[in-house]
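Commentary on secondary and tertiary structure
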Amino acid sequence: METQNKSFPKHFFWGAATSAHQVEGNNHNDWTEWEKLGRVAHGEHSGLASGHYDRYREDFAIAKELGHTMHRLSIEWSRIEPRPGIFDQQAIAHYRDVLLELRRLGIEPMVTLWHFTNPIWVQQLGGWTNKQTIDLYGRYVSTIVRELGDLVTYWITVNEPTVYSSSSYLFSYWPPERKNPITAWSVIRNFVAAHRLGYQIIHRHNPNAKVGVANNLNHFIPARRNNYLDRTLATFSRYWHNQWWLDQTYLTQDFIGLNYYFYHPLRFKISGLQNLLRPEPQDRAPMSDLGWEIHPHGLGELFDFLKKYDRPIIVTENGLADAADQFRAAFIRDHVAEIEKALQRGVRIQGYLHWSLIDNFEWREGFAPRFGLIAIDYATLQRTIRPSAYTYRDIIRQRSA
Ligand code: NOJ
């Protein structure tokens, strides 16, 4: 591939990501039902969220101004198929307009087909515990690919399936709040099957499509380097969280989507599974508003881990909650530097998508965490570009010059 600026390929994609439920507003799915139980921080509901469903043009115009060349968004299954087998033409037309707007601006869309939310009727049938959901997902994907496939090359079949399976079915933290390892296991198996099915459906329609998964990969290390139990725990976590899913699916990933947030030093404790996996705070690295430590070099380590799968990589998410915008500019600079170093080592990386384009509904944590390059005033839905978004724009300009 032709290269510029020493390391960045000419067609390297720069941009940001969002997901439907977190930004659109007025969704009606299994999450909105669960939000009524008061489990979200401060009893919040996703409600109007960031109002993106109606304001996507304004948001994309800003993305364009900021130099973005790719945008990742998700399609909300519950809007497309509000009742079993009944597909809403208006909703399909809406997403057509969204994709056309991106194309008009010269921004390449990346479309996620499932990002944590289910139509209520799917959940009533048992959601991802039910094998039937695989075929229901396949029918939904076929519809999207038939209706919108002419506008999309880059697809994500499912977002962070391992995180969802454990948060919803093992740690009881997300809907439907189950705590059963056997169920969690069947859920992740069903995601493997659904991903493979989605991959086939998309490729049947367009052999040149690029299909991947947004994989949540963590950099796990032993808290005490020479402690056998910590090392075993790190090895086990790497295998279970990072490797198992990829081993099952990499042959059906045209590119590996990498969501990078966490660097986990692990200390073995005999105090229940959740505590066992709770990371130790490490060497006073700066922290996001959610208390997540910032360790850019973990991204570089993960690139090296991924080499064995021999697939191009796109960073499909990377970001932090930072309301004061005090760390974001350096955060982006340092993570992009890791990409640059990895490119120089010969790792094939094709894009970087920051999480997120706009502030949004952070699931159980609600609206307090501010992940956006663009700030949202939730009272007025007014958009304000954060200073770090301009730093990112300058990085993009420099690396594309
Ligand atoms: C990954 C998830 O895909 C996204 O929905 C979430 O907002 C970010 N992580 C930040 O937690």
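This text follows the structure it describes.
Below or above, wherever it landed, is the structure these notes cover. Computed from a predicted structure; not experimentally measured. (Residues numbered from 1 in each chain as written. Predicted model: local features only at pLDDT ≥ 70, side-chain atom pairs only at ≥ 80, totals over all residues. Heavy atoms only, no water.)

**Regarding the site of the ligand**
Around the ligand sit 13 residues, and of these Gln22, His115, Asn159, Glu317 and Glu362 come closest. Between the ligand and Glu317, the relevant distance is 2.8 Å, taken from an oxygen atom to a side-chain nitrogen or oxygen of the residue. When the free accessible area of the ligand is taken as 290 Å², the share hidden by the protein chains comes to 95%. Looking at the shell around the ligand residue by residue, the class counts come to six nonpolar, four polar and three charged. (Near = heavy atom within 4 Å. Polar contact = N/O pair within 3.5 Å; in protein donor to acceptor, adjacent residues only side chain to side chain. Areas by Shrake-Rupley, 256 points an atom, 1.4 Å probe, with all protein chains shown as cover. Nonpolar A, V, L, I, M, F, W, Y, C, P; charged D, E, K, R; others polar.)

**Looking at the pattern of salt bridges**
Applying the stated criterion across every chain yields a total of 22 salt bridges. The salt bridge involving Arg55 is made with Glu58; its shortest N-O contact spans 3.9 Å. One end of the pair is Arg55 and the other is Glu58, both in helix α3 (residues 52–65) and three residues apart, which spans about a single turn. Among the residues examined, Arg55 registers a relative accessible area of 28% and is labelled partly exposed. With a relative accessible area of 35%, Glu58 lands in the partly exposed category. In this structure, Arg57 engages Glu101 in a salt bridge whose closest nitrogen and oxygen atoms are separated by 3.9 Å. Residue Arg57 is located in helix α3, and its partner Glu101 is located in helix α5 (residues 89–104); the two are separated by 44 residues in the primary sequence. On the accessibility criterion, Arg57 (46% relative accessible area) is partly exposed. Each of the salt bridges in this network shares a partner with another, and the network as a whole consists of Arg57, Glu101 and Arg104. (Salt bridge = Lys/Arg side-chain N within 4 Å of Asp/Glu carboxyl O. Helix = DSSP H or I, 4+ residues; strand = E, 2+ residues; numbered from the N terminus. Buried < 20%, exposed > 50% of the residue type's maximum accessible area, 1.4 Å probe, protein only.)

**A few points about the packing of α5 against helix α7 (residues 132–148)**
Close contact between α5 and α7 brings their axes to 11 Å; oriented N to C, the two are set at 55 degrees. It follows that α5 is oblique to α7 by the angle criterion. Seen along the crossing, α5 lies across α7 with a hand that is right-handed. Where α5 approaches α7, its residues Gln89, Ile92, Tyr95, Arg96 and Leu99 are matched on the opposing element by Thr143, Glu147 and Leu148. Grouping the amino acids of the contact of α5 with α7 by side-chain chemistry returns four nonpolar, two polar and two charged. (Axes fitted to C-alpha atoms, helices over the stretch in contact; angles between N-to-C directions. Parallel < 35°, antiparallel > 145°, perpendicular 65-115°, else oblique. Left-handed = near helix turned anticlockwise from the far one by under 90°. Contact = heavy atoms within 4.5 Å.)

**Brief notes about the side chain of Ser165**
For Ser165, the location among the structural elements is in helix α8 (residues 161–169). By relative accessible area, which is 5% here, Ser165 ends up buried. Polar side-chain contacts of Ser165 include one of 2.7 Å to the backbone oxygen of Pro161.

**Looking at the nonpolar core**
As a rule of thumb, soluble globular proteins bury nonpolar side chains together. Residues Tyr137, Trp155, Phe303 and Ile339 are the most contacted members of the largest nonpolar core, which totals 102 residues. With nine residues, helix α9 (residues 181–205) is the single largest residue contributor to this core. Contacts of Tyr137, omitting those with residues within four sequence positions, involve Trp77, Leu113, Trp114, Trp128, Thr157, Val158, Ala194 and Gly198. Phe13, Met110, Tyr154 and Ile314 belong to the second largest nonpolar core, which has nine residues in total. (Core = buried A, V, L, I, M, F, W, Y, C linked by side-chain atoms within 4.5 Å.)

Honestly, it's all geometry; don't read function into it.
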